[in-house]
Amino acid sequence: MEQTLSIIKPDAVKKSVVGKIIDRFETNGLRVAAIKKMQLSKKDAEQFYSVHKERSFFSDLIQFMISGPVIVMVLEGENAVLKNRELMGSTNPKEAKKGTIRADFADSVEANAVHGSDCLENAKIEIEFFFAKNAVY
């Protein structure tokens, strides 16, 4: 079984669609192996998104991610990384397929409701960033 990281971002938490998003994962074969609600610090957000540090949108991304609480989850299932990415949809909600999380709940490229690991290697790194090994069941 693969594991992947999923973050329900501040815009979706503010809209109270957390349960609807989690239901999408669960009804599509992904099990929540760990979950927590938290407020990211600026330092944590900068460290987590450091891969984008040189990009023009980095500062705006950090400000957005610290603007409110997030739900951080480890999702587990067969082909979890790919399945999660398919369920999320395109980064731009206007380009996302109908029925995907971003098509249904995101407002813009910046406020796009969810984050998901892009590969197994990054999933492992991202999971370890947020969860101790004994916190994932």
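Residues numbered from 1 in each chain as written. Predicted model: local features only at pLDDT ≥ 70, side-chain atom pairs only at ≥ 80, totals over all residues. Heavy atoms only, no water.

### A few points about the sheet that holds strand β4 (residues 114-116)
An order of β2-β3-β1-β4 is seen for the four strands of this open sheet, with the pairing classed as antiparallel. Each end of this open sheet is capped by a strand with a single partner; those strands are β2 (31-38) and β4. Pairs of neighbouring strands in the sheet enclose a mean axial angle of 20 degrees, with direction left out of account. Sheet topology note: the strand β1 (residues 2-8)/strand β3 (residues 70-77) ladder contains seven bridges and is antiparallel. Opposite Leu-5, over in β3, you have Val-74 as the bridge partner. Against the sheet, helix α5 (residues 80-88) engages β1, β3 and β4, with an angle of about 30 degrees to β1. Of the strands in this sheet, β1, β2, β3 and β4 are in contact with helix α7 (residues 120-130), which crosses β1 at around 60 degrees. (Pairing = 2+ DSSP bridges. Helix = DSSP H or I, 4+ residues; strand = E, 2+ residues; numbered from the N terminus. Axes fitted to C-alpha atoms, helices over the stretch in contact; angles between N-to-C directions. Contact = heavy atoms within 4.5 Å.)

### Overview of the UniProt feature "binding site: ATP" (unreviewed entry) in the chain
Within this structure's numbering, the places UniProt gives as "binding site: ATP" (unreviewed entry) are Lys-9, Phe-57, Arg-85, Thr-91, Arg-102 and Asn-112. Checked against the element boundaries, Phe-57 lands in the loop between α3 (42-48) and α4 (58-65). By relative accessible area, Phe-57 is classed as partly exposed at 35%. Examined against the element boundaries, Asn-112 turns out to sit in the loop between α6 (101-105) and β4. The contacts of Asn-112, once residues within four sequence positions are left out, are Lys-9, Asp-11, Thr-91, Arg-102 and Ala-106. (UniProt positions renumbered as here; feature names shortened; annotations may be inferred. Buried < 20%, exposed > 50% of the residue type's maximum accessible area, 1.4 Å probe, protein only.)

### Let's talk about α7
Looking at α7, one finds that the buried residues are Ala-123, Glu-126, Ile-127 and Phe-130. Looking down the long axis of α7, one finds its buried residues gathered within 100 degrees of arc, a one-sided arrangement. Those residues of α7 that are exposed and angled more than 90 degrees off the buried face are Glu-121 and Ile-125. On its buried face, α7 sits against β1, β2, α3, β3, α5 and β4. (Arc of directions from axis to C-beta.)

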